[in-house]
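Read off the chains here:
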Amino acid sequence: MDIFKQTALFKEETIALRRHMHQNPELSGKEFATTELIIKELEKLGIEYIRPAETGVIAIIKGRDNGRVLGLRADIDALPVEEETGLEFSSVNHGVMHACGHDAHTASLMETVKILNLHKDELNGTVKFIFQPSEEFLPSGAEKMVDSGELNDCSAIVGIHVKSDMPVGKISVEPGPRMAASAGVDIKVKGKSGHAGIPSDSVDATVAAAAIVMNLQTVVSRELSLDNMAVLSIGTLNSGTARNVISGEAVLEGTCRYYSDEAIEHVIKAVERIAKCTAGSFRAEAEVSVVPSGCKAVINDSKLAAEGAKTAEKIFGKEALCHYPISGLNEDFSKYSTICPLLYVLIGAQNDSKFEPYPLHSSKLQIDEDCMDYAAAFMAQFALDYLAQDL
Ligand code: NI
C-alpha cells in the first residue's frame, strides 16, 4: 500500500476544506465556526472526538488496543492580517487571514484522519488528532489541550508546519532545536521634561533611550557564547509629545528569542545592567523587565527524528529530506513537552513557478496546496510505523 498515492483519494476534499477555512478565518481563541466545521467532518466519517476546551477538537482513532498512543497536532487559528493575495477564496473576514498556513495544517490533519480511518485495522495502537486552537496568541491553546488531561496517555506527539521558504516536495525532519523560546523586553526610561530650546534644564529620555538601543546590541554580539545564542530585537521606541518639548519618558518594547536557560538568564541580567547604567550615564533612570512568555523552545527528540526521517525517506525518497536552519520563531507546540517527547516537522509549501514567495504572516502569503498531501502522507505513515514498533 502506498500511503502517498492514497492522498489522491481525498485531495479534492482537502483542498475544499482548506479553501473554506481560508475564506472564513477566525482569530486565536475565537475558532468557533472552525471547530464546528471540523466536528461536522468528523461526524460525517463517524470518528470519535472530544472537545477539551471551548474551541479545538481532539479526534480519536483506536486501532488494535495493545499499542501506544500517538498525538498528531495541527493548529487552527488565523492572524489579524488584511489579506492581499487576490485569490478567489480570499478571506471574507475583514482584517483576518490564514497568513501562517494553519488552514493547510488543519486540512492536512483531516486528510490524515481519512487515510488512517482506511488503515484502522493495521494500527497497533491509538492516534489522537489534535486540532489545536490559539497558537498565535496567549493564552496558549496547546496549554489548554495539555491541561485537559486528554493527552496524558500519549507517548509521542508530532506537529507540522508549512514553510514558504522551502520548496513543495521537501520535508525537514531533524533532531534537536527547531523553534525558539521567547521573552518580552520592556524598558521605561525616565528623564525630566522641559523646553526643547533650553535642554540644559531637562534630562532627555529620548537620548538615553537611543543610547540604550545601541548599547543593547552588544548583549548578543559580545556577551553570549555560540552554545547559548539568542536574538534580541527592540521593536518599538516611543518618546515625546511635541517637537519643542524635551521628552521626559521613553518606552521601549522588544523581544528575545533563545534556546537555552543559560542564554535567557544572561540576557535578563545584561539588559537590566546595560539599560540602567546607560540611563544613569545620562542622569536618567530605567525600569527594566524581561519576562519569558511561557513557550519554551521546541526541541525534537533525536529518536523520533531518526524514525521520522526514515518514514519520510520511505514514502518520498531520500532527495525529499532537507535541512532547515533553526530560527527565532516561537511556537506553543513546546507546551506538549510536559507530556512526552516531541517531533516538529517542516513541510515545503513554496512553488516559484506558480507564485512569488512571501514569508509566513505576510498579507500576500500563498502556498502550493500539494504540500498538504506531503503533510498528510507523512503523518499517516509515521503513525503506522511508530505504532507498529515492538515495545
Ligand atoms: Ni504558524
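Residues numbered from 1 in each chain as written. Predicted model: local features only at pLDDT ≥ 70, side-chain atom pairs only at ≥ 80, totals over all residues. Heavy atoms only, no water.

Caption draft 1: Summary view of the overall build of the chain. Looking only at helices and strands, the chain features 8 helices and 15 strands. Projecting the C-alpha coordinates of the chain onto the three principal axes gives extents of approximately 80 × 45 × 40 Å. Sorting the 391 residues of the chain into buried and exposed places 54% on the buried side. The long-range share in the chain, meaning contacts at least 24 apart out of those at least 6 apart in sequence, stands at 81%. In the form shown here, the chain has an accessible surface area of approximately 17,100 Å², with 52% of it arising from carbon and sulfur atoms. (Helix = DSSP H or I, 4+ residues; strand = E, 2+ residues; numbered from the N terminus. Buried < 20%, exposed > 50% of the residue type's maximum accessible area, 1.4 Å probe, protein only. Contact = heavy atoms within 4.5 Å. Areas by Shrake-Rupley, 256 points an atom, 1.4 Å probe, with all protein chains shown as cover.)

Caption draft 2: The arrangement of the packing of helix α3 (residues 102–118) against helix α8 (residues 371–388) in detail. Packing of α3 against α8 brings their axes to within 8 Å, and their N-to-C directions diverge by 45 degrees. By the angle between their directions, the pair α3 and α8 is classed as oblique. As α3 packs across α8, the resulting crossing turns out to be right-handed. Contacts between α3 and α8 involve Ala104, Ala107, Ser108, Leu109, Glu111, Thr112, Ile115 and Leu116 from the first element and Met372, Asp373, Ala375, Ala376, Met379, Ala380, Ala383 and Leu384 from the second. Here the contact of α3 with α8 is built from residues that sort into 12 nonpolar, 2 polar and 2 charged. (Axes fitted to C-alpha atoms, helices over the stretch in contact; angles between N-to-C directions. Parallel < 35°, antiparallel > 145°, perpendicular 65-115°, else oblique. Left-handed = near helix turned anticlockwise from the far one by under 90°. Nonpolar A, V, L, I, M, F, W, Y, C, P; charged D, E, K, R; others polar.)

Caption draft 3: The arrangement of the environment of Glu356 in detail. With respect to the helices, strands and loops of the structure, Glu356 is situated in the loop between β15 (342–350) and α8. Given a relative accessible area of 56%, Glu356 falls into the exposed group. Spatially, the C-alpha atoms of Glu356 and Val219 are 36 Å apart, while their sequence positions differ by 137 residues.

Caption draft 4: Representation of the domain arrangement of the chain in the model. When the domains of the chain are assigned, the result is domain 1 (3–179 + 297–388) and domain 2 (181–292). On the domain 2 side, the residues contacting the 10 residues of domain 1 number 6 residues. The junction of domain 1 with domain 2 conceals about 580 Å² of combined surface from both sides, 60% of it contributed by carbon and sulfur atoms. Taken as a group, Ala297, Gly328 and Asn330 account for 61% of the area that domain 1 buries against domain 2, more than any other trio of residues on that side. Counting across the interface, domain 1 meets domain 2 through 0 salt bridges. Summed over the shared surface of domain 1 and domain 2, the result is 3 residue pairs in polar contact (both at pLDDT 80 or more). At 3 residues, the largest contribution of residues to the side of domain 1 that touches domain 2 is made by strand β7 (residues 176–179). (Domains from an automatic or database assignment. Buried area = accessible area lost by both parts, 1.4 Å probe. Salt bridge = Lys/Arg side-chain N within 4 Å of Asp/Glu carboxyl O. Polar contact = N/O pair within 3.5 Å; in protein donor to acceptor, adjacent residues only side chain to side chain.)

Caption draft 5: Representation of helix α5 (residues 205–223) in the model. Given a rise of 1.5 Å per residue, 19 residues ought to cover 27 Å, and the 26 Å separating the end C-alpha atoms of α5 matches this to within 8%. All of the buried residues along α5 are Ala205, Ala208, Ala209, Ala211, Ile212, Val213, Leu216 and Val219. The inward-facing, buried residues of α5 contact β8 (181–190), β10 (230–239), β12 (249–258) and α6 (261–281). Sitting at the head of α5, Asp204 places a side-chain oxygen 2.9 Å from the backbone nitrogen of Thr206. (Expected span 1.5 Å × (residues − 1).)

Caption draft 6: Structural context of the sheet that holds β10. If you walk across this open sheet you meet the 4 strands as β10-β12-β8-β13, and the pairing is antiparallel. Of all strands in the sheet, those with a lone pairing partner are β10 and β13 (285–292), marking the two edges. The sheet shows a mean angle of 15 degrees between the axes of neighbouring strands, direction not considered. Across 9 bridges, β10 lies against β12 in antiparallel orientation. Paired with Ser233 across the two strands is Thr255, which belongs to β12. Relative to β10, α5 is tilted by about 175 degrees, and along the sheet it contacts β8, β10 and β12. Of the strands in this sheet, β8, β10, β12 and β13 are in contact with α6, which crosses β13 at around 165 degrees. (Pairing = 2+ DSSP bridges.)

Caption draft 7: Up close: unusual backbone geometry. Residue Pro139 follows Leu138 across a cis peptide bond; omega there is 0 degrees. The topology assignment puts Pro139 in the loop between β4 (125–132) and α4 (141–147). Residue Ser134 is not a glycine yet carries a positive backbone phi of 45 degrees. Within the secondary structure layout, Ser134 lies in the loop between β4 and α4. Notably, Arg283 is not glycine yet its phi reads approximately 70 degrees, a positive angle. Topologically, Arg283 is positioned in the loop between α6 and β13. Residue Arg283 is classed as exposed on the basis of its relative accessible area, which comes to 60%.

Caption draft 8: Examining the packing of aromatic side chains more closely. Considering all chains together, one arrives at 7 aromatic pairs under this definition. Between Phe333 and Tyr344, the aromatic rings sit 5.4 Å apart at their centres with planes inclined by 35 degrees, giving tilted as the arrangement. With a gap of 11 residues between them, Phe333 in the loop between α7 (302–316) and β15 and Tyr344 in strand β15 connect regions that are remote in the sequence. An identical accessibility class is assigned to Phe333 and Tyr344; each is buried. For the pair Phe378 and Phe382, a centre-to-centre distance of 5.8 Å together with 25 degrees between the ring planes defines the contact as stacked. Within this pair, Phe378 and its partner Phe382 are both found in helix α8, separated by 4 residues, close to a single helical turn. Taken individually, Phe378 and Phe382 each receive the classification buried, so the pair is uniform in this respect. Directly above the aromatic system of Tyr386 lies the positively charged group of Arg68, at a separation of 4.0 Å from the ring centroid. (Phe/Tyr/Trp six-rings, centres within 6.5 Å; stacked < 30°, edge-to-face > 60°. Lys NZ or Arg CZ within 6 Å of the ring centre and 35° of its normal.)

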